[in-house]
Amino acid sequence: QVQLVESGGGLVQPGGSLRLSCATSGITFFSLYVMTWYRQAPGKRREMVARITSSGHTNYDDSVKGRFTIARDNGENTVYLQMNSLKPEDTAVYYCNALREVAPTKLDYWGQGTQVTVHS
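All of these numbers come straight from a predicted model, not from anything done at the bench.

A. Inspection of the nonpolar core at higher detail. Counting residues in hydrophobic clusters, the biggest one holds 28 residues, and the most contacted among them are Trp-37, Leu-81, Met-83 and Tyr-94. When residues of this core are traced back to their parent elements, those giving at least two are strand S3 (18-25), strand S4 (34-40), strand S5 (47-52), strand S7 (68-73), strand S8 (78-83), strand S9 (92-102) and strand S11 (114-118). The element contributing the most residues to this core is S9, with four residues. Beyond its immediate stretch of four places on either side in the chain, Leu-81 contacts Leu-18, Arg-19, Leu-20, Trp-37, Val-49, Ala-50, Phe-68, Thr-69, Ile-70 and Tyr-94.

Pasting the structure below:
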């Protein structure tokens with residue numbers, strides 16, 4: 001059974017930092033998965049925040065470039081999101097996603113989310 005468990009969320013003041021973790025289990029060949037952090041604020045659509053491919057290539061939403069860093073540890077089957085210079089608009093539930101396309105199958109897994117609140 002595949003599980004993705006996010007942790008590290010919480011309440012932080014503007015300008016502060018948090019480090020989210022997404023620990024996975026039950027995933028075969030974790031290193032071959034594209035790992036993505038998404039977020040969803042109340043009343044808004046879920047949006048991509050940061051992504052890291054199997055080769056380590058990263059891309060970020062423009063709103064977090066220069067502030068957030070995604071990284072993966074294939075030995076620990078875990079992906080991280082370092083969030084610095086947090087803003088109130090970063091407040092959302094953050095979700096971890098693991099995706100691997102093996103034609104004709106798409107292996108697509110989600111975590112349960114972790115709440116990040118940026119508030120003074």
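B. Seen up close, the packing of aromatic side chains. The full count for this structure, using the stated rule, is two aromatic pairs. Between the aromatic rings of Tyr-33 and Tyr-109, the centroid separation amounts to 6.3 Å while the plane-to-plane angle is 35 degrees, which identifies the pairing as tilted. Of the two residues, Tyr-33 is situated in the loop between S3 and S4 and Tyr-109 in strand S10 (residues 105-110); the sequence distance between them amounts to 76 residues. With a centroid separation of 4.9 Å and an interplanar angle of 45 degrees, the aromatic rings of Tyr-38 and Trp-110 are classed as tilted. In this pair, Tyr-38 sits in strand S4 while Trp-110 sits in strand S10, placing the two residues 72 residues apart along the sequence.

C. Examining the side chain of Arg-72 more closely. Inspection of the secondary structure puts Arg-72 in strand S7. Of the buried charged residues, Arg-72 lacks a salt bridge, with Asp-73 as the closest side chain of opposite charge at 8.4 Å. In terms of polar contacts, Arg-72 uses its side chain to reach the backbone carbonyl oxygen of Ile-52, at 3.5 Å. Of note is the side chain of Arg-72, whose polar atom sits 3.0 Å from the backbone oxygen of Thr-53. Those residues in contact with Arg-72 that lie beyond four places of it in its chain are Phe-30, Ser-31, Tyr-33, Met-35, Ile-52, Thr-53, Ser-54, Thr-78 and Val-79.

Conventions and cut-offs
Residues numbered from 1 in each chain as written. Predicted model: local features only at pLDDT ≥ 70, side-chain atom pairs only at ≥ 80, totals over all residues. Heavy atoms only, no water. Core = buried A, V, L, I, M, F, W, Y, C linked by side-chain atoms within 4.5 Å. Buried < 20%, exposed > 50% of the residue type's maximum accessible area, 1.4 Å probe, protein only. Helix = DSSP H or I, 4+ residues; strand = E, 2+ residues; numbered from the N terminus. Contact = heavy atoms within 4.5 Å. Phe/Tyr/Trp six-rings, centres within 6.5 Å; stacked < 30°, edge-to-face > 60°. Lys, Arg positive; Asp, Glu negative; His and termini not counted. Salt bridge = Lys/Arg side-chain N within 4 Å of Asp/Glu carboxyl O. Polar contact = N/O pair within 3.5 Å; in protein donor to acceptor, adjacent residues only side chain to side chain.

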